[in-house]
Amino acid sequence: MPTLRIAQDAAADELLSRDPLALLVGMLLDQQFPMERAFGAPRLLADRLGVQTLSAAQLSDMDPEELVRVFQGPPALHRYPGSMAGRAQEVCRALVEHYDGRAEGLWADAPDGATLLKRLNGLPGFGAQKSKIFLALLGKQYGVTPPGWREAAGDYGTEGSRRSVADITGPGSLAEVRAFKQEQKQAAKAAKQGPGS
């Protein structure tokens, strides 16, 4: 079992380390929301449901309004608890329909990185960038290394990079990833303004 340190909270990271669905839900929630809180949310979700491990079958069968209430907290599991509760439920339904309700079913028999990337891209809420980041996270920290996974993950798969959640192994690397993201935002802002502005 890997030892993840993404949420920077022992109980939350312990769940992420042993529960592939918790890790997948954390990745889903990692947008427009602080990274540590997104990856800490599965622990709060499990606690509120009174379970030790998240279940795609349980989440997909829940009354949508009840799931929204669970996401609303307080504290809320996301900045947009209603839409993210719905998206989490859609992901769980896809897992039930295509992977026997098991998140690890996405990668257990993946013959190569390109196939796994395609499967991740097929999940609700997982666009091209999020899928590549999650593939890199699986390869770098979760021991999921089908042939060609680094290439499929693109720049996120580069060894030693500090680009994304895939590279966070503690407070130091979290700070490095944050610094990289700030640089990217500044560069994008400068490019948008154009020369001479």
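In short, a report on the structure. The model shown is predicted, which means the values in this text are computed figures rather than measured ones.

### A look at the pattern of salt bridges
1) Next: Going through the model one piece at a time under the given rule, you end up with 11 salt bridges.
2) Next: For Asp155, the salt bridge is made with Arg163, and the minimal N-O distance between the two is 3.8 Å.
3) Next: A relative accessible area of 23% means that Arg163 is categorised as partly exposed.
4) Next: Several salt bridges share partner residues, and in doing so they unite Glu14, Arg18, Arg43 and Asp47 into one network.

### Comments concerning unusual backbone geometry
1) Next: Residues Gly73 and Pro74 are joined by a peptide bond in cis, for which omega reads 20°.
2) Next: Of note, Pro74 is situated in the loop between helix H5 (64-72) and helix H6 (81-99).
3) Next: Within the chain, Gln8 stands out as a residue other than glycine whose phi angle is a positive 60°.
4) Next: Here Gln8 lies in the segment before helix H1 (10-18).
5) Next: With relative accessibility at 33%, the residue Gln8 sits in the partly exposed group.
6) Next: Located in the positive-phi region is Gln32, a residue other than glycine, with phi close to 50°.
7) Next: For Gln32, the position within the fold is in the loop between helix H2 (20-29) and helix H3 (35-49).
8) Next: Using a relative accessible area of 53% as the deciding quantity, one classes Gln32 as exposed.

### Here's the deal with helix H9 (residues 128-141)
1) Next: When the terminal C-alpha atoms of H9 are compared, their 20 Å separation across 14 residues agrees well with the 20 Å that a helix rising 1.5 Å per residue should span.
2) Next: Among the 14 residues in H9, 10 count as buried, and that is most of the element.
3) Next: Taken as a whole, H9 has its buried residues at Lys130, Ser131, Ile133, Phe134, Leu135, Ala136, Leu137, Leu138, Gly139 and Gln141.
4) Next: The elements touched by buried residues of H9 are H2, H3, helix H7 (105-108), helix H8 (113-121) and helix H10 (149-153).
5) Next: Backbone geometry just after H9 places Gly143 at a positive phi near 75°.

What counts, and where the lines are drawn
Residues numbered from 1 in each chain as written. Predicted model: local features only at pLDDT ≥ 70, side-chain atom pairs only at ≥ 80, totals over all residues. Heavy atoms only, no water. Salt bridge = Lys/Arg side-chain N within 4 Å of Asp/Glu carboxyl O. Buried < 20%, exposed > 50% of the residue type's maximum accessible area, 1.4 Å probe, protein only. Helix = DSSP H or I, 4+ residues; strand = E, 2+ residues; numbered from the N terminus. Expected span 1.5 Å × (residues − 1). Contact = heavy atoms within 4.5 Å.

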